[in-house]
Amino acid sequence: GELMRRYWHPIAATPELNENPTKSVRILGEDLVLYKDRSGTLGLIDESCPHRRVNLLYGIPEEKGLRCPYHGWLMDETGQCIEMPAEAPDSTFKDRVKVKGYPVQELGGLVFAYLGPEPAPLLPKWDPLVWEDTARDIAIAELPCNWLQCQENSLDPVHTEWLHAYMTHYIEERAGVPPEQRRSLQSHAKIGFDVFEYGIIKRRVLQGGSEEDDLWKVGHPILFPHILRVGSAQRATLQFRVPKDDSHTYHVSLYAFRAAPGTHVPEQEVVPYWHVPIWGEDGRAIINIQFNQDYMAWFTQGQHNN
């Protein structure tokens, strides 16, 4: 985890804190509470009050900070205790009590956290996060596998022939879809990889295509260490694979749809978000949607496939 602590990670969709001002967050093996106080300040602090270890998920947001519901200790966004109601007025005990607190920032409808050493690096402003005149949508999945099982898939171009094309064709066959309406079966004519400033660009040419196609000419940037960017300069997706711990991943997909030239997208007061179901009513993994096919391939390898 020391490497991953050098990077910013999405930990929530911004509107989650409008619905409830506290949220449990498990990231990089730590259990924390994300909160928004009444002034709008965000904080990410240790989930346990330092007094009697009550979970601050049930804390009360004040104008500044989060108050423990048990005895009223008040913690600010740095983790510093700033009020102890039962102490004498001249007591300085509160000044010597501090829990973990990490920087958080909002961008593109997401809340990002940095858990590493100071000074914190700048929060990367990847293009879909900052495009103007853009509609955004956020999909969140909680996956029972190691984050690297998700990320190595991004560097594997050939699985699309089988996991997405061939299996989808089979699913449609079983569903009675006429042959001419089923997913086409395409194989690769060429694959390639280029190292660039922020990671690796994966490229592919499908049978019948050429190097003039965006799949080769633009490719898919894999942004070190845990992001995949898919799409064009008008529509793009960022996929973040955030380690909760060694065997669980918080997977965030941010979809961005830019207005076409000469048009406008209605301004979003709130970026919508939704949680992706991964299990069907039959107890089997959902596999009739492309991203769910990836999820299935990742977590059925086991919780930490080495």
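The preceding data block contains the structure.
Below: a short report on this structure.

Cut-offs applied
- Residues numbered from 1 in each chain as written.
- Predicted model: local features only at pLDDT ≥ 70, side-chain atom pairs only at ≥ 80, totals over all residues.
- Heavy atoms only, no water.
- Helix = DSSP H or I, 4+ residues; strand = E, 2+ residues; numbered from the N terminus.
- Buried < 20%, exposed > 50% of the residue type's maximum accessible area, 1.4 Å probe, protein only.
- Contact = heavy atoms within 4.5 Å.
- Areas by Shrake-Rupley, 256 points an atom, 1.4 Å probe, with all protein chains shown as cover.
- Lys, Arg positive; Asp, Glu negative; His and termini not counted.
- Charge placed at Lys NZ, Arg CZ, Asp CG, Glu CD.
- Phe/Tyr/Trp six-rings, centres within 6.5 Å; stacked < 30°, edge-to-face > 60°.
- Polar contact = N/O pair within 3.5 Å; in protein donor to acceptor, adjacent residues only side chain to side chain.
- Pairing = 2+ DSSP bridges.
- Axes fitted to C-alpha atoms, helices over the stretch in contact; angles between N-to-C directions.

### Considerations on the overall build of the protein chain
Scanning the protein chain for helices and strands turns up six helices and 19 strands. Principal-axis analysis of the C-alpha atoms places the extent of the protein chain at approximately 80 × 45 × 35 Å. Counting only residues that meet the buried cut, the protein chain has 48% of its 306 residues in that class. Residue pairs in contact within the protein chain that sit at least 24 positions apart in sequence constitute 54% of those at least 6 positions apart. In the structure as shown, the protein chain presents an accessible area of about 16000 Å², 53% of it carried by carbon and sulfur atoms. A distance of 2 Å separates the average location of the 30 positive side-chain charges in the protein chain from that of its 42 negative side-chain charges.

### So, the packing of aromatic side chains
Throughout the structure, instances matching the rule amount to 10 aromatic pairs. Where Y7 meets F224, the ring centres are 6.1 Å apart and the plane angle is 70°; that geometry is what we call edge-to-face. With Y7 in the segment before β1 (8-13) and F224 in the loop between β15 (220-223) and β16 (227-231), this pair connects stretches of sequence that are 217 residues apart. Cluster of aromatic residues (ring-pair linked, three or more members): W126, F196 and Y198.

### Overview of the side chain of T22
Tracing the sequence through the fold places T22 in strand β2 (residues 22-27). There is a polar contact of 2.6 Å between the side chain of T22 and the backbone oxygen of L57. Dropping the residues within four chain positions of it, T22 is found in contact with L17, V33, L34, Y35, L56, L57, G59 and L66.

### As for the sheet that holds strand β14 (residues 199-206)
Strands sit in the order β13-β14-β15-β16-β17-β18-β12-β19 across an open sheet of eight strands; the sheet is mixed. Across the chains shown, the open sheet's two edge strands, defined by having one partner strand only, are β13 (188-196) and β19 (273-275). Strand-to-strand twist across the sheet, computed as the mean angle between neighbouring axes with direction ignored, equals 20°. Its contacts with the sheet place helix α3 (residues 147-154) against β12 (134-143), β14, β15, β16, β17 (235-245) and β18 (248-258), and it is angled at close to 150° to β17.

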